[in-house]
Amino acid sequence: MQQFFELEAAYLVMGIVILLITWFVATRPFMSKTAPRNGLLGAAIVIALMIGGHYYMTTSRMDTVRAAFAQDRQILCESRMLRKVAQSVVVQRSKGWELQGEKFVSPLYTRSFHLARCIVARAISLR
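Residues numbered from 1 in each chain as written. Predicted model: local features only at pLDDT ≥ 70, side-chain atom pairs only at ≥ 80, totals over all residues. Heavy atoms only, no water.

Moving on: the overall build of the protein chain. When helices and strands are tallied, the protein chain shows 2 helices and 6 strands. In the protein chain, the succession of helices and strands from N to C terminus is α-α-β-β-β-β-β-β. Every one of the 127 residues in the protein chain was classed for burial, and the buried ones make up 24%. Put simply, 53% of the contacts in the protein chain that link residues at least 6 apart link residues at least 24 apart. Split by element, the accessible area of the protein chain, about 9100 Å² in all, is 64% carbon and sulfur. (Helix = DSSP H or I, 4+ residues; strand = E, 2+ residues; numbered from the N terminus. Buried < 20%, exposed > 50% of the residue type's maximum accessible area, 1.4 Å probe, protein only. Contact = heavy atoms within 4.5 Å. Areas by Shrake-Rupley, 256 points an atom, 1.4 Å probe, with all protein chains shown as cover.)

Here's what the structure looks like:
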């Protein structure tokens, strides 16, 4: 459950804001008496499905990245440190990277990279 809140906290906050806006609009005098119930129920269902889908896709990608790292394949991780030059960092076990919990760490980098912000690098063939 902690992983869910860690990965989806921002989306949960946005969902709450959307529900508050829905409640505010649905309770205006010109709206029907069933608008608050129907509006909040509909918005809550859509938000729950979207957050659940995002969580499923993120954890599936994390499992794929974890398996690829165990096979010593290249992983691309988003680097927020250097936005102008290198926007991604190549992570590979044979290059000194380690997986500690859900984060990639290396003695050459001051910060770690979370599995959720990484993808498996695909080989590109140029013909």
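What follows covers the environment of L40. On the secondary structure map, L40 appears in helix 2 (residues 35-70). What makes L40 partly exposed here is its relative accessible area of 28%. Taking the C-alpha atoms as reference points, L40 and L20, 20 residues apart in sequence, are found 8.8 Å from one another. Sequence-distant contacts of L40, that is, excluding residues within four places in its chain, are made with L19, T22, W23 and A35.

What sets the pattern is the α-helix's 3.6 residues per turn: residues three or four places apart point alike. An ideal rise of 1.5 Å per residue puts 52 Å on 36 residues; helix 2 measures up with 52 Å between its terminal C-alpha atoms. Along helix 2, the residues classified as buried are A35, A43, I47, I51, T58, T59, M62, V65, A68 and F69. Of the residues flanking the end of helix 2, it is D72, one or two places downstream, whose phi is positive at about 60°. (Expected span 1.5 Å × (residues − 1).)

The largest bend along helix 1 (residues 2-26) reaches roughly 70° and is located at E8. The inward-facing, buried residues of helix 1 abut helix 2 and strand 5 (113-114). (Bend = angle between axes of the 7 residues up to and from the residue.)

Moving on to the nonpolar core. Within the largest apolar cluster, 16 residues are counted, with the highest numbers of intra-cluster contacts made by I75, V91 and F104. Sorting the residues of this core by element identifies helix 2, strand 1 (75-78), strand 2 (88-91) and strand 6 (118-120) as the ones contributing at least two each. Broken down by element, the residue count for this core peaks at 4 residues, all from helix 2. Once residues lying within four places of it in the same chain are set aside, the contact partners of V91 are F69, R73, Q74, I75, C77, W97 and F104. (Core = buried A, V, L, I, M, F, W, Y, C linked by side-chain atoms within 4.5 Å.)

In this section: the pairing of strand 1. Burial along strand 1 is one-sided: the residues I75 and C77 are buried and none of L76 and E78 is. Two strands pair when backbone bridges link them, and strand 1 and strand 2 are joined in this way by 4 bridges, in the antiparallel orientation. Across the sheet, residue E78 finds its bridge partner in strand 2, namely S88. (Pairing = 2+ DSSP bridges.)

Turning our attention to the state of the cysteines. Within this structure, the stated rule accounts for 1 disulfide. Here C77 connects covalently by a disulfide to C118, the sulfurs 2.0 Å from one another. In this structure, the disulfide formed by C77 and C118 twists by about 105° around the S-S bond and is classed as right-handed. Pair noted here: C77 is in strand 1 and C118 is in strand 6, with a separation of 41 residues, a long-range link. The pair formed by C77 and C118 is uniform in burial state, with each residue classed as buried. (Disulfide = S-S within 2.5 Å.)

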